[in-house]
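Overview (structure and organization)
This is what each chain is made of:
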Amino acid sequence: MFSLPYVLQQFINAIILGSIYALVAIGLSMVYGILRLINFAHGDILMIGAYTGLFLLTLYKAPFAIVLIVPMLVGGLIGVIVERVAYRPLRKAPEVALLITSLAVSMFIENLAIMVLSPRPRRFRIPSFLSKSHFYGAINFRNIDILIVILTVVLVVVLTLFVKKTKIGIAMRATAESINTSYLMGINVNNIIMLTFAIGSLLAGVAGMMFASKYGRIEPFMGFLPGLKAFVASVIGGIGSLPGAVMGGYLLGFAEIFFVGFLPPQLSGYRDGFVFLLLIIVLLIRPSGIFGQAEKREV
Amino acid sequence: MLRLENVEVYYGVIRALKGITLKVEKGEIVSLIGANGAGKTTTLRTISGLLTPKSGKIYYNDQDITYVPPYKRVGMGIAHSPEGREIFTTLTVYENLVLGSYLRNDREGIEKDINWIFSLFPRLKERLSKPAGTLSGGEQQMLAIGRALMAKPQLLMLDEPSLGLAPILVEELFEVIEDINKQGTTILLVEQNANMALSISQRAYVLETGSVKMEGDAKELQENEDVKKAYLGA
């Protein structure tokens, strides 16, 4: 059987991975809530965040605080540009046109990255004080892991307060419920949509940094799979719901780690397949997710 | 105050408004009556900017607003309580009212107006922090009107405010509408309940398949034999 420290170690791993999924899922879920768009380009913002961090670390030897903040800002900015250039012109188009456009944007960003940055994977080395490990018997984790979890909790709490308490946060929730009625309140809906992309992409940018720090290796396609998995996470939690995205992110983190950690090692190669199997099961049993509401569409 | 000149609106290839010309003067209550599909709701949605005319002009306080985006029209003083209430069901009653005052920055004025809404509709006060989706139909209608009033509009457009309300509530509601008007808000009213609407209006327009068929003094229309037969169920 499994020893207690081993089980605890799996718990820790799951929380770290779940934090990253949660951050990426929030942006996907918020954008879906307003535009009914599954933004395939979201994972690529994660990649952009990671590369931004890499250049700040290696070329400019920037302090780590800056290496965390600037990728957030760059991610947010790219998210806003993508919305403005690719999605806003399609505001009155059918939803499927938006979906296909987001696939195109994703391929565009990935191939641009291959051309500009080369397809070659690069090592991502974090400062030594962050890679320092703590050992408690058979359990171990690094400073960067602590940072990932704390930063995620802080960002989620701040965002939740913003969405719950501020007038703009209320306007964001209103826009997710009905764009037309929001106009009638005097809400500049385009600005709210832009802000939603900015916030979501900001979180994806910082998630990219976390992802790179955790795995120590980055490449132009690195955002694809986390993007898809974040989509699964937001569906599990109930797409469109902020607590749902967070909950879904952590649930997926646990499911994936436990799958690898507690099932026979021959199966661990199927971890990604397992994630999508989980998606299918959730969609069969509870299509609207844990926190989701049955779809109410405007006609 | 408000003038529509030959406004034509299309849904795709269907011409929903076939050249509507109407006006609303400051301080009036004006009704639009007509059968389903006559273009009443479309007219209101065009005035608030959710629909853009293919041709024709809309003037508000002598300013051409035909192509002004809807959210800016709210800032100019036009509030619209839409058909089917369209309250934000996942938001609380209080949050709905706050959104009504979205463009205002006078905290004290907003507080005062929320209290005024509560004096108009005491039931809303008891439900303050409940999700608006849990309100009854009548309460939702009150909330929709209260939310529109929170914008402190000069022109308030109400689309079917009595729809689905018990008769006793309808009487109450129309008293409130008259009250709001007496306090200085101009009202453009769309109603199935034409008799009620005409009895509180100064003037009215009868719409039929996207055109103005008749217009004039509300009392005279109420006595008109054609109107009686077609819309007042006499």
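If you look at the interface, chain A gives 20 residues, while chain B gives 24 residues. Summed over both sides, the interface between chain A and chain B buries roughly 2000 Å², with carbon and sulfur atoms accounting for 64% of that surface. Looking only at chain A, the three residues that lose the most surface to chain B are K167, L184 and M185 of chain A, adding up to 34% of its buried area. Residue R173 of chain A is joined to E95 of chain B by a salt bridge in which the shortest nitrogen-to-oxygen separation is 2.8 Å. Contributing elements (two or more residues each) for the side of chain A that touches chain B: α7 (167-177) and α8 (179-184) of chain A.

The subject of this paragraph is the pairing of strand β3 (residues 29-34) of chain B. Residues and elements named next belong to chain B. Where burial is concerned, most of β3 is hidden: six out of the six residues are buried. Neither face of β3 is open: one carries I29, S31 and I33, the other V30, L32 and G34, and all of them are buried. Looking at chain direction, β3 and strand β8 (residues 186-190) are connected through four bridges and run parallel. The residue bridging V30 from the neighbouring strand is L188, located in β8.

One pass over the full model with this rule turns up 18 salt bridges over all chains. A salt bridge links R91 of chain A to E83 of chain A; the shortest N-O distance between them is 3.1 Å. Residue classification places E83 of chain A among the buried residues on the basis of a relative accessible area of 0%. With a shortest N-O distance of 3.1 Å, D106 of chain B and R104 of chain B are connected by a salt bridge. The class for D106 of chain B is partly exposed, based on a relative accessible area of 33%.

It is worth spelling out the confidence of the model for chain B at this point. Residues with a pLDDT of 70 or more make up 100% of chain B, whose mean pLDDT is 92. Scored as a whole, the predicted complex attains pTM 0.90, and scored at its interfaces, ipTM 0.92.

In this model, helix α6 (residues 143-165) of chain A (23 residues) spans 33 Å end to end at C-alpha, consistent with the 33 Å of a helix rising 1.5 Å per residue. Turning to α6 of chain A, its buried residues are I144, D145, I148, T152, L155, V156, L159 and V163 of chain A.

This part takes up a nonpolar patch on the surface. Together, L277, I280, I281, L284 and I285 of chain A make up a nonpolar patch on the protein surface, roughly 540 Å² of accessible area in all. Following the sequence through the fold, I285 of chain A ends up in helix α12 (residues 271-285).

Thresholds, definitions, all that
- Residues numbered from 1 in each chain as written.
- Chains lettered and ligands numbered in written order.
- Predicted model: local features only at pLDDT ≥ 70, side-chain atom pairs only at ≥ 80, totals over all residues.
- Heavy atoms only, no water.
- Contact = heavy atoms within 4.5 Å.
- Buried area = accessible area lost by both parts, 1.4 Å probe.
- Salt bridge = Lys/Arg side-chain N within 4 Å of Asp/Glu carboxyl O.
- Helix = DSSP H or I, 4+ residues; strand = E, 2+ residues; numbered from the N terminus.
- Buried < 20%, exposed > 50% of the residue type's maximum accessible area, 1.4 Å probe, protein only.
- Pairing = 2+ DSSP bridges.
- pLDDT = per-residue confidence, 0-100.
- Expected span 1.5 Å × (residues − 1).
- Patch = residues over 30% accessible without salt bridge, like charges linked within 9 Å, V, L, I, M, F, W, Y side chains within 5 Å.
- Areas by Shrake-Rupley, 256 points an atom, 1.4 Å probe, with all protein chains shown as cover.

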